[in-house]
Amino acid sequence: PEAPEAIKSTPDGLIMPPEFRPLLPRFRRYLASRGFDDPASVASLYNLRCCNTGRWKDRLIFLIYQYGKLIAWTGRALGNPVHAPRYLSTSNLIKSTIFNEDEIRRGGDTLFITEGPVDALKVDYYGHPHGGRATCVFGTSITIDQISILKRVSRNFVRVVLLFDPE
């Protein structure tokens, strides 16, 4: 496997690599195949990116912000790679945050917690007009840091629902 490139940062957060681009047609088709009826709108609303080269090649990129700073990202492979993980993240820092934190901090009726960002994206996109917001914990386990964040943000919701995969 290719050696990871150094991730650059400033006091204002990480610097997004220049190869992260707005969604190309095949990435929009992937979102459509996952049940999104307006992939361009979803990509714009959530600032989704894609990558065609390097370590993040053929991945849909989810940028993770905390208090307005880019602190991490994770990339979802479009297919099921044989020699690489389905998700690739900047570092283990991803497990000390949650997806969509800056938005869900504002509260709502129901907070949905999912495993992965694609599920959270779908629930948040379709649920937001009805008072639902969604986040994810980037896997099947929840860390102490994530529990702390979820406890804090859940105070702004009437109810919290865990939507983990059946397995």
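You'll find the structure just up there.
Notes on the structure follow. Treat the numbers as computed from the prediction; the structure is a model and nothing was measured.

Right, let's talk about the overall build of the chain for a bit. When helices and strands are tallied, the chain shows five helices and nine strands. Starting at the N terminus and walking to the C terminus, you meet the elements of the chain as β-β-α-α-β-β-β-β-α-β-α-β-α-β. In summary, the chain has a C-alpha radius of gyration of 15 Å against a globular reference of 15 Å for 167 residues, a match within 12%. For the chain, the residues scored as buried account for 42% of the 167 residues in total. Long-range contacts, defined here as pairs at least 24 residues apart, represent 64% of the contacts in the chain between residues at least 6 apart. When the accessible surface of the chain is totalled, it reaches about 8900 Å², and 55% of it is carbon and sulfur.

For the rest of this paragraph, the subject is a nonpolar patch on the surface. On the surface, I142, I144, I147 and L162 cluster together into a nonpolar patch covering about 400 Å² of accessible area. Note that I147 resides in helix α5 (residues 144-154). Residue I147 is classed as partly exposed on the basis of its relative accessible area, which comes to 44%.

This paragraph deals with the pairing of strand β5 (residues 69-77). Most of β5 is tucked away, with eight of its nine residues classed as buried. Bridging between strand β4 (residues 59-66) and β5 involves eight bridges; their strand directions are antiparallel. From the neighbouring strand, Q66 faces β5, where its bridge partner is K69. Linking β4 to β5, which pair antiparallel, is a turn of two residues; within it Y67 sits at a positive phi near 55°. Bridge analysis of β5 against strand β6 (residues 87-89) gives three bridges, and the strand direction is antiparallel. Paired with R76 across the strands is Y87, a residue of β6.

A few words on the nonpolar core. The biggest cluster of nonpolar side chains holds 25 residues, and the ones touching the most others in it are L48, F99 and L121. For this core, the elements supplying multiple residues, two or more each, are α1 (25-33), α2 (39-45), β4, β5, α4 (117-127) and β8 (132-136). Among the elements that take part in this core, α4 stands out by supplying four residues, more than any other.

Looking now at the side chain of T90. Here T90 is to be found in the loop between β6 and α3 (101-104). Those residues within four positions of T90 in sequence are excluded, and the remaining contacts are I7, L14, W56, A72 and W73.

With that out of the way, let us pick up unusual backbone geometry. At N47, a position not held by glycine, the phi torsion is positive, near 55°. Structurally, the position occupied by N47 is in the loop between α2 and β3 (49-51). When its relative accessible area of 26% is taken as the criterion, N47 is described as partly exposed. At F138, a residue that is not glycine, the phi angle is positive and equals roughly 55°. Along the polypeptide, F138 turns up in the loop between β8 and α5.

Burial analysis of β4 places six of its eight residues in the buried class, the great majority of the element. Sheet topology places β3 next to β4; three bridges connect them, and they run antiparallel. From the neighbouring strand, R49 faces β4, where its bridge partner is I61.

What counts, and where the lines are drawn
Numbers given for residues are sequential positions, taken from 1 along each chain in its written order. Residue-level local features of this predicted model are given only where pLDDT is at least 70; pairs of side-chain atoms are given and counted only at 80 or more, and the full residue set underlies all totals for whole chains, interfaces and linings. Hydrogens and water are ignored here; the side-chain numbers use all heavy atoms of the structure. Helical segments are the DSSP runs of H or I of at least four residues, strand segments are the runs of E of at least two, and each set is numbered from the N terminus. C-alpha atoms define the radius of gyration, and 2.2 Å times the number of residues to the power 0.38 defines the globule rule. Only protein chains enter the accessibility calculation, which uses a 1.4 Å probe; a residue whose area is less than 20% of its type maximum is buried, one above 50% is exposed, and one in between is partly exposed. Any two residues whose heavy atoms approach within 4.5 Å are treated as being in contact. Residue burial considers only the protein chains on display, and all accessible areas are found by Shrake-Rupley using a 1.4 Å probe. Exposure above 30% relative accessible area and the absence of a salt bridge qualify a residue for a patch, where like charges join within 9 Å and nonpolar side chains (Val, Leu, Ile, Met, Phe, Trp, Tyr) within 5 Å. Salt bridges are defined as contacts in which a side-chain nitrogen from Lys or Arg sits within 4 Å of a carboxyl oxygen from Asp or Glu. If DSSP finds at least two bridges between two strands, the strands pair. Residues belong to a common nonpolar core when they are buried Ala, Val, Leu, Ile, Met, Phe, Trp, Tyr or Cys residues joined through side-chain atoms within 4.5 Å.

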